[in-house]
Amino acid sequence: FPMLFPETLAPAIPLLMILLLSQSFASSAPVSQSLLKGSGRNRAWLLWQAIQNGLFVVPILIVGREGSITDMALLVLATQLIAGPLGVAICAGRHASLLRILKVHWIPIIACTPMFAAAYVSVNIGPSWTSLLVWCPLAAIVCLIGYILALRALDRSRHDEFTRLLGQVMAKIGRKTG
């Protein structure tokens, strides 16, 4: 981080971590919206737009008046956690069960749980370069391990595919360095 951000921007890095984490759960929203519009389900698209805007605007107006910038970033994270599965549920309609939709969305959420702790700690311990250089790589490693464990417990076929791909990458790295 010292190469990317000057020291004067160090207090913004924990907020950036929270916002980046929230965007990892937002990837399904554009897909859901495009599928709704492309399939001619304009009423469902309009309903989704109203719900999504309500999820963001109303709480932001409330927190923006009384809360801090950290509260605002955490609110964006919370709304993304709700909006992703809800958008897919509206898009899927009767074509997929709610359990299937939640399974697809909650695996990354469960796997990224250590990132919540890392973001919380980085906000509360202060923006020193030492803490950021220790917590960011540690959070990435813990998140990767958590993701692998969540995949193993919740979706064995995806775990096997991920393990196979990781093995191929490690073999290529081993050949190039060895």
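Refer to the structure printed above.
Residues numbered from 1 in each chain as written. Predicted model: local features only at pLDDT ≥ 70, side-chain atom pairs only at ≥ 80, totals over all residues. Heavy atoms only, no water.

*Asks:* How do you make sense of the overall build of the protein when you look at a structure like this?
*Replies:* Scanning the protein from terminus to terminus reveals eight helices and zero strands. For the protein, the succession of helices and strands along the chain, N to C, is α-α-α-α-α-α-α-α. Out of the 178 residues in the protein, the part that is buried amounts to 31%. Considering only contacts within the protein whose residues lie at least 6 apart along the sequence, 68% involve residues at least 24 apart. By element, 70% of the accessible surface of the protein is carried by carbon and sulfur atoms, the whole surface being about 11100 Å². (Helix = DSSP H or I, 4+ residues; strand = E, 2+ residues; numbered from the N terminus. Buried < 20%, exposed > 50% of the residue type's maximum accessible area, 1.4 Å probe, protein only. Contact = heavy atoms within 4.5 Å. Areas by Shrake-Rupley, 256 points an atom, 1.4 Å probe, with all protein chains shown as cover.)

*Asks:* Would you explain the packing of helix α3 (residues 42–66) against helix α4 (residues 69–92) in this entry?
*Replies:* Helix-helix packing: each pair is described by the crossing angle between the helix axes and the interaxial distance. Between α3 and α4, the shortest axis-to-axis distance is 10 Å and the interhelical angle comes to 165°. Taken as axis vectors, α3 and α4 run roughly antiparallel relative to one another. Here the hand of the crossing between α3 and α4 comes out right-handed. From α3, Ala 44, Trp 48, Ile 51, Leu 55, Phe 56, Pro 59, Ile 60, Val 63 and Gly 64 reach across to α4, where they touch Asp 71, Met 72, Leu 75, Thr 79, Gln 80, Ile 82, Ala 83, Leu 86, Gly 87 and Ile 90. Each residue belonging to the contact of α3 with α4 can be placed in one class, and the counts come to 14 nonpolar, four polar and one charged. (Axes fitted to C-alpha atoms, helices over the stretch in contact; angles between N-to-C directions. Parallel < 35°, antiparallel > 145°, perpendicular 65-115°, else oblique. Left-handed = near helix turned anticlockwise from the far one by under 90°. Nonpolar A, V, L, I, M, F, W, Y, C, P; charged D, E, K, R; others polar.)

*Asks:* Looking at this model, I keep getting lost on the packing of helix α1 (residues 13–23) against α4. Mind explaining?
*Replies:* At a minimum axis separation of 8 Å, α1 and α4 run at an interaxial angle of 10°. Considering the angle they form, α1 stands roughly parallel to α4. Where α1 crosses over α4, the handedness of that crossing is left-handed. Judged by residue contacts, Leu 15, Ile 18, Leu 19, Leu 21, Ser 22 and Gln 23 of α1 engage Ile 69, Thr 70, Ala 73, Leu 74, Val 76, Leu 77 and Gln 80 from α4. Within the contact of α1 with α4, the residues separate by chemical class into nine nonpolar, four polar and no charged.

*Asks:* Explain the environment of Leu 20 to me, please; I cannot follow it from the model alone.
*Replies:* Residue placement: Leu 20 occurs in helix α1. When the C-alpha atoms of Leu 20 and Ala 73 are compared, they prove to be 9.8 Å apart, with 53 residues separating the residues in sequence.

*Asks:* Which parts of the structure should I look at to understand a nonpolar patch on the surface?
*Replies:* A contiguous nonpolar patch, built from Leu 166, Val 169, Met 170 and Ile 173 and spanning about 340 Å² of accessible area, is present on the exposed surface. The residue Val 169 is located in helix α8 (residues 156–177) in this model. (Patch = residues over 30% accessible without salt bridge, like charges linked within 9 Å, V, L, I, M, F, W, Y side chains within 5 Å. Salt bridge = Lys/Arg side-chain N within 4 Å of Asp/Glu carboxyl O.)

*Asks:* I'm lost on the side chain of Gln 52 in this one. Help?
*Replies:* Structurally, Gln 52 is set in helix α3. On the basis of relative accessibility, which here comes to 12%, the residue Gln 52 falls in the buried class. Once residues lying within four places of it in the same chain are set aside, the contact partners of Gln 52 are Ala 29 and Gln 33.

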